[in-house]
Amino acid sequence: ARVGSGEVVRIPDGQAQRRTGHTFAADFTFAPVRGAEDRVIAVSALVRELPEPGGAPEAPAPVGRRILIVEDEPTLRDLFTEAALALGHSPTGAAQGKEAVQLLETGAYDLVVSDIRMPGLSGIELYAWIEAHRPDLARRVLFTTGDAYDGSTQDFLEKHHLPCLPKPFDLKQFQTKLEELLAI
């Protein structure tokens, strides 16, 4: 569920309440946005229902499309992972471009989500690797960045006709873009 989606309407003391009145223990995931720490911003949060103590075991992992999420900020990587899980997909996280290359060499993925500015192998360099070694994925790469208005970033995105969500963005936008790219 997502705070602000209309499904979860109240969150008192680690409990979430659905519009139906049902309350449940919940885990909340929020993401700080680099560069916006000094500003008040609207944030999205995912709410995951926690299992009842002694209750039934958790449901099996989603079997949807495989998404590789490459993000050097752990909180954002976790938030993007939760957003993909909420859609029924199977995300895998990578903390840097080099790790993403290793995963792409050994695994099958339907979509790659990548930050552009990362230490080590950047998102732009990762995309060059994808074009050379996994051209089947070149049209299904979504970039996220806090630097979308940099001239070289804009030139790169325009040259390759690639989608990009400038940070900060709403998780609903992220989920919509995932679904659009997976439909290609």
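Further up the page is the structure itself.
About the thresholds
Residues numbered from 1 in each chain as written. Predicted model: local features only at pLDDT ≥ 70, side-chain atom pairs only at ≥ 80, totals over all residues. Heavy atoms only, no water. Core = buried A, V, L, I, M, F, W, Y, C linked by side-chain atoms within 4.5 Å. Buried < 20%, exposed > 50% of the residue type's maximum accessible area, 1.4 Å probe, protein only. Helix = DSSP H or I, 4+ residues; strand = E, 2+ residues; numbered from the N terminus. Contact = heavy atoms within 4.5 Å. Axes fitted to C-alpha atoms, helices over the stretch in contact; angles between N-to-C directions. Parallel < 35°, antiparallel > 145°, perpendicular 65-115°, else oblique. Left-handed = near helix turned anticlockwise from the far one by under 90°. Expected span 1.5 Å × (residues − 1). Arc of directions from axis to C-beta. Nonpolar A, V, L, I, M, F, W, Y, C, P; charged D, E, K, R; others polar. Salt bridge = Lys/Arg side-chain N within 4 Å of Asp/Glu carboxyl O. Phe/Tyr/Trp six-rings, centres within 6.5 Å; stacked < 30°, edge-to-face > 60°. Lys NZ or Arg CZ within 6 Å of the ring centre and 35° of its normal.

Let's shift gears to the nonpolar core. Within the largest apolar cluster, 21 residues are counted, with the highest numbers of intra-cluster contacts made by Leu68, Val70, Leu104, Val112, Ile130 and Phe143. Considering each element in turn, this core owes the most residues, four residues, to helix H3 (residues 123-133). Setting aside anything within four residues of it in sequence, one finds Leu104 in contact with Leu68, Tyr109, Val112, Leu126, Trp129, Ile130, Arg134 and Leu137. Core analysis: the second largest hydrophobic core is formed by 17 residues, Leu76, Ala84, Leu111 and Leu165 among them.

Where helix H1 (residues 74-86) meets helix H5 (residues 171-182), the axes come as close as 10 Å, and the angle between the chain directions of the two elements is 60 degrees. With respect to H5, the axis of H1 lies oblique. Between H1 and H5 the crossing geometry is right-handed. Contacts between H1 and H5 involve Leu79, Phe80, Ala83, Ala84 and Ala86 from the first element and Leu171, Phe174, Gln175 and Leu178 from the second.

The next point concerns H5. Turn by turn, an α-helix covers 3.6 residues, leaving residues three or four places apart pointing in a common direction. Taking 1.5 Å of rise per residue, 12 residues should cover 16 Å, and H5 covers 16 Å from first to last C-alpha, within 8% of that figure. By the burial criterion, the buried members of H5 are Leu171, Phe174, Gln175, Leu178, Leu181 and Leu182. An end-on view of H5 places all buried positions within 130 degrees of arc, on one side of the element.

So, about the packing of helix H2 (residues 97-106) against H3. Where H2 meets H3, the axes come as close as 10 Å, and the angle between the chain directions of the two elements is 20 degrees. Put simply, H2 runs roughly parallel to H3. Crossing angle aside, the handedness with which H2 passes H3 is right-handed. Along its contact with H2, which presents Gly97, Ala100, Val101, Leu104 and Glu105, the element H3 presents Leu126, Trp129 and Ile130. Classifying every residue of the contact of H2 with H3 by side-chain character gives six nonpolar, one polar and one charged.

What follows is about unusual backbone geometry. With the exception of glycine, the majority of residues adopt a negative phi angle, and the majority of peptide bonds are in the trans configuration. Following Lys167, the chain continues to Pro168 via a peptide bond in cis, the omega torsion being -5 degrees. With a phi close to 55 degrees, His161 is a non-glycine residue in the positive phi region. Along the chain, His161 falls in the loop between helix H4 (151-160) and strand E9 (164-166). Look at His161 and you get exposed, because its relative accessible area is 72%.

Within the structure shown, the criterion is met by seven salt bridges. Put simply, Asp110 and Arg65 hold a salt bridge, and the shortest N to O gap is 3.5 Å. One end of the pair, Asp110, is in the loop between H2 and strand E7 (111-115); the other, Arg65, is in the loop between strand E4 (45-49) and strand E5 (66-70), and 45 residues separate them in sequence. Put simply, Asp115 and Lys167 hold a salt bridge, and the shortest N to O gap is 3.4 Å. Of this pair, Asp115 sits in strand E7 while Lys167 sits in the loop between E9 and H5, and the two are 52 residues apart along the sequence. Exposure class is identical for Asp115 and Lys167. Each is buried.

As enumerated under the stated definition, the model contains six aromatic pairs in all. Ring centres of Phe143 and Phe156 lie 5.6 Å apart, and the angle between their planes is 80 degrees; this geometry places the pair in the edge-to-face category. Separated by 13 residues along the polypeptide, Phe143 in strand E8 (residues 141-145) and Phe156 in helix H4 bring together distant segments of the chain. The class for Phe156 is buried, based on a relative accessible area of 8%. Directly above the ring of Tyr109 sits Arg66, whose terminal nitrogen or CZ lies 4.5 Å from the centroid.

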